[in-house]
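Here's the letter readout for the chains.
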Amino acid sequence: MTAAPDPDALSRQIVVRYRDPGHVRFALPAELCSLAAANAIETALRRQDGVYRVTIHAAERKLSVFYDEHVCDLHAVARRLFAALGELPAGDDTATMAARDDRATAASPAKTRRAGGSLNIEARARRALRRVMQEMSRHPQLRGVQERVQPMLESALTEQAIINFLNDLLAFYLIRVHWDLITQRWLREPLKFRYAWLTIFYLVFLLVRYRKTGTGK
């Protein structure tokens, strides 16, 4: 066990590596990638209004934060991060986030099924992405491509993005299946098929409300 590190020294080692509207990525010192420190930082950042996703990649020493720009900004995220440095617990720096990932991967199938399987899918996708990025980093000529592609892939592999994609796929499937009825009967006699139209409007309403709720988080 070691003493809690100096917050000022740690703050000088944190560097912004990538910034995009609603997304920022920091390079972290090794001390902040321990299991105890990472848990404390993630918990603190999630308390910030507007922050809806926080991920620390211990192997890459990277912190990725997604936030709603209508609720907070980068300065608020940074202030919350630096404030968390003063509240870090003392712990073993060798207990990295990799250990936590291994325990999460070894979770029972029943627990994964109760969670709907979405977390398992996201974890597998992120592990595959990390392997691809590590391979790309070995080739200097691909580093520019990596910097542009990695943030887009990370945002697309979130649980919320996967659910949104599946919802859109389901909506497209339902439209395709009922296309002949819509064009040949429902549009020609809207009053006769008013209940079908009410069902469509209600489903669209639910989909839009779900999207807004997910964005608010």
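Residues numbered from 1 in each chain as written. Predicted model: local features only at pLDDT ≥ 70, side-chain atom pairs only at ≥ 80, totals over all residues. Heavy atoms only, no water.

Chemist: Sorry if this is basic, but what is going on with a nonpolar patch on the surface here?
Modeler: Taken together, the side chains of Leu-170, Tyr-173, Leu-174 and Val-177 define a hydrophobic patch exposed on the protein surface, amounting to about 390 Å² of accessible area. Relative to the assigned elements, Val-177 resides in helix 8 (residues 159–177). Owing to a relative accessible area of 48%, Val-177 belongs among the partly exposed residues under this scheme. (Patch = residues over 30% accessible without salt bridge, like charges linked within 9 Å, V, L, I, M, F, W, Y side chains within 5 Å. Areas by Shrake-Rupley, 256 points an atom, 1.4 Å probe, with all protein chains shown as cover. Salt bridge = Lys/Arg side-chain N within 4 Å of Asp/Glu carboxyl O. Helix = DSSP H or I, 4+ residues; strand = E, 2+ residues; numbered from the N terminus. Buried < 20%, exposed > 50% of the residue type's maximum accessible area, 1.4 Å probe, protein only.)

Chemist: What should I look at first to understand the pairing of strand 4 (residues 62–67) in this one?
Modeler: Counting buried positions along strand 4 gives 6 out of 6 residues, so the element sits mostly inside the fold. Side chains of strand 4 alternate between two faces, with Lys-62, Ser-64 and Phe-66 and Leu-63, Val-65 and Tyr-67 buried alike. Summarising the sheet, strand 2 (residues 23–27) and strand 4 pair through 5 bridges and their orientation is antiparallel. Following the sheet pairing, Ala-27 is matched in strand 4 by Lys-62. (Pairing = 2+ DSSP bridges.)

Chemist: Sorry, what's going on with helix 2 (residues 35–46) here?
Modeler: Side chains three or four residues apart in an α-helix point the same way, a direct result of the helix having 3.6 residues per turn. The terminal C-alpha atoms of helix 2, which comprises 12 residues, lie 17 Å apart, in line with the 16 Å expected from a rise of 1.5 Å per residue. When helix 2 is considered as a whole, its buried residues turn out to be Leu-35, Ala-37, Ala-38, Ile-41, Glu-42, Ala-44 and Leu-45. (Expected span 1.5 Å × (residues − 1).)

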